[in-house]
Amino acid sequence: MSRPEHTAPPEIFYNDIEAEKYTQNTRIINVQAQLTYRALELLALPDDKTSFLLDIGCGSGLSGEVLSEEGHEWIGVDIAPAMLDVANEREVDGDLFLQDIGQGFGFRPGTFDGAISISVIQWLCNADKKCNNPYRRLARFFGTLYTSLARGARAVFQFYPENDHQVQMITSAALKAGFTGGIVVDYPNSAKARKTFLCLFAGQRDGQTQALPQGLSGEEGGMAGGIQFESRRVDDRASVRKGKRKGIKDKEWIQNKKEQMRKKGDKKVANDSKFTGRKRRPKF
Amino acid sequence: MVRLLTHNMLQCHVKNCTNGFPLRFQDPVIEQHEQEINKEFLVNMLPRIDWNALRTTVDQLGLPELPAAVPENPAEDEAFLAALHRALMEVNIQSGSMVCPECEHVYPIRDGIPNMLLSEDEV
């Protein structure tokens, strides 16, 4: 699997093209929505109450739309201006900020009832500039996030860890900042459906220590809606083997080509007949 | 868009800047977006709002004045909640900038999105 964070820093990787992809590709939209619903579930917010949430790395506001749908008010921060412009065009309900989360947040203590983040914090493990120190950036990120959360609030991060070292680096930075909690893995036995969530608690809720939620398990098709992976390419290959693939140079293509040549007019082009584009028999 | 609700939660996050609240608006362009009132949410948010800072900002932007103090039972004071809703949720700052009162750092607002990026020596 290719990892975008190896390609370029986030503010450069998520350019206009990538931003457009994020709003037009229905598969990306569905995956984002599902992850957001799961993250909300893990947040365990009180029912029937409008909460004030922080969406870290909100991008084009796909997860924010889910939050609005569920009746929450939210603020989104992202480092990629192109993605925020798309979010602005889509007229999302939350307030948007251009912010580098590794530089920390400027929110007053106790502002938010919760924070979610979908596929973002693995970006913090990279040093994109010489002056960036991932450990220091993670520490500042979790430190300022901890203060901006209300007591007992939760923060749920879905992320794609590259290796065990990254997981350890992220969790230890979070625990050092004062959070409790840990990693929740959904569908641990499936390579494709497996999703890693970092579920953090900023203090106790109702005077009780919060317990880490259970990860989902079972069949990899268990994720509601059922999008797991792109199988188009595999299908293509299979059909070649069976010889079912449609020829590229069919009758329509040939006629189109001939028409082009006639318009050009520098060569004599054969007339169209009932034999045009027809296959010869093997016994020809 | 920057709503006053968000602005009230925002402070300067430059390193060693301890008293950067509330951020001062400079050349603000104000827009009003009507929104449905959610009384329960307003009441829940009230304890988190710095009332004096909100009044200062409202005064600075030349908006209708808010009462000097929060009434004792805000949940039942319809007129108060309506005024609060108008100020907190419906006022949007589209462009201009926010300036830290202590370190004078300027956070420019473009298309309603404030740029909160800091330079390396400010982190």
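Because the structure is predicted, anything quoted here is derived from the model rather than measured. (Residues numbered from 1 in each chain as written. Chains lettered and ligands numbered in written order. Predicted model: local features only at pLDDT ≥ 70, side-chain atom pairs only at ≥ 80, totals over all residues. Heavy atoms only, no water.)

Chemist: Please give an account of helix 3 (residues 16-24) of chain A that cites residues and values.
Modeler: Since the α-helix advances by 3.6 residues per turn, residues separated by three or four positions end up pointing in the same direction. Residues and elements named next belong to chain A. If you check which residues of helix 3 are buried, you get E18, A19, Y22 and T23. Buried positions in helix 3, seen along its axis, are confined to an arc of 135 degrees and lie on one side of it. Exposed side chains of helix 3 directed beyond 90 degrees from the buried face belong to D16, I17 and Q24. Where helix 3 is buried, its residues contact helix 2 (10-13), helix 4 (26-43), helix 5 (62-69) and helix 6 (81-89). (Buried < 20%, exposed > 50% of the residue type's maximum accessible area, 1.4 Å probe, protein only. Helix = DSSP H or I, 4+ residues; strand = E, 2+ residues; numbered from the N terminus. Arc of directions from axis to C-beta. Contact = heavy atoms within 4.5 Å.)

Chemist: Which residues make up the pattern of salt bridges, and what values go with them?
Modeler: The full count for this structure, using the stated rule, is 17 salt bridges over all chains. Across the salt bridge formed by E162(A) and R3(A), the nearest N and O atoms sit 4.0 Å from each other. Of this pair, E162(A) sits in the loop between strand 5 (149-159) and helix 8 (164-176) while R3(A) is found in the segment before helix 1 (4-7), placing the two residues 159 residues apart along the sequence. Taking the relative accessible area as the measure of exposure, E162(A) reaches 34% and is therefore partly exposed. K39(B) is the partner of E78(B) in a salt bridge, and the nearest nitrogen-oxygen pair spans 3.0 Å. Placement of the pair is E78(B) in helix 4 (residues 78-90) and K39(B) in helix 2 (residues 39-45), with a sequence separation of 39 residues. The exposure class of E78(B) is partly exposed, given its relative accessible area of 48%. Bridged by salt links that share partners, the residues K258(A), E259(A), R262(A) and D272(A) form one connected network. (Salt bridge = Lys/Arg side-chain N within 4 Å of Asp/Glu carboxyl O.)

Chemist: Help me get a handle on the interface of chain A and chain B, residues and values and all.
Modeler: On the chain B side, the residues contacting the 36 residues of chain A number 32 residues. Carbon and sulfur atoms supply 51% of the area buried between chain A and chain B, which totals about 2800 Å² over both sides. For the interface between chain A and chain B, the tally reads four salt bridges. The partner of R3(B) in a salt bridge is E73(A), with the nearest N and O atoms 3.1 Å apart. There are 16 residue pairs in polar contact (both at pLDDT 80 or more) connecting chain A and chain B. It is strand 3 (residues 95-98) of chain A that provides the largest number of residues to the side of chain A that touches chain B, a total of four residues. Residues of the side of chain A that touches chain B, tallied by class, amount to 14 nonpolar, eleven polar and eleven charged. (Buried area = accessible area lost by both parts, 1.4 Å probe. Polar contact = N/O pair within 3.5 Å; in protein donor to acceptor, adjacent residues only side chain to side chain. Nonpolar A, V, L, I, M, F, W, Y, C, P; charged D, E, K, R; others polar.)

Chemist: An account of unusual backbone geometry is requested, with residue identities and associated values reported.
Modeler: Cis geometry is adopted by the peptide bond preceding P22(B), which originates at F21(B) and carries an omega value of -10 degrees. Note on placement: P22(B) falls in the loop between helix 1 (4-9) and strand 2 (24-32). With phi around 50 degrees, A44(A) is a residue other than glycine that occupies positive phi space. Checked against the element boundaries, A44(A) lands in the loop between helix 4 and strand 1 (52-56). Although it is not a glycine, Y187(A) sits at a positive phi angle of roughly 50 degrees.

Chemist: Summarise the pairing of strand 1 of chain A; cite the residues concerned and give the values.
Modeler: Residues and elements named next belong to chain A. Counting buried residues in strand 1 gives five out of five residues, a clear majority hidden from the surface. Going residue by residue along strand 1, you find F52, L54 and I56 tucked away on one face and L53 and D55 tucked away on the opposite face as well. Pairing analysis gives five bridges linking strand 1 to strand 2 (residues 73-78), with the strands arranged parallel. Residue I56 lies in a different strand from strand 2, and its bridge partner there is V77. In this fold, the crossover linking strand 1 to strand 2 by way of helix 5 has right-handed handedness. (Pairing = 2+ DSSP bridges. Right-handed = clockwise from strand over helix to strand, strands pointing away.)

Chemist: Please give an account of the environment of E104(B) that cites residues and values.
Modeler: With respect to the helices and strands, the residue E104(B) is situated in the loop between strand 3 (91-99) and strand 4 (106-110). In this structure, the C-alpha to C-alpha distance between E104(B) and N52(B), residues 52 residues apart in sequence, is 21 Å.

Chemist: Outline the confidence of the model for chain B, supporting the account with residue identities and numerical values.
Modeler: Residue-level pLDDT values for chain B average 90, and 100% of them are 70 or greater. For this predicted complex, the interface confidence score (ipTM) comes to 0.91, while the overall pTM stands at 0.79. (pLDDT = per-residue confidence, 0-100.)

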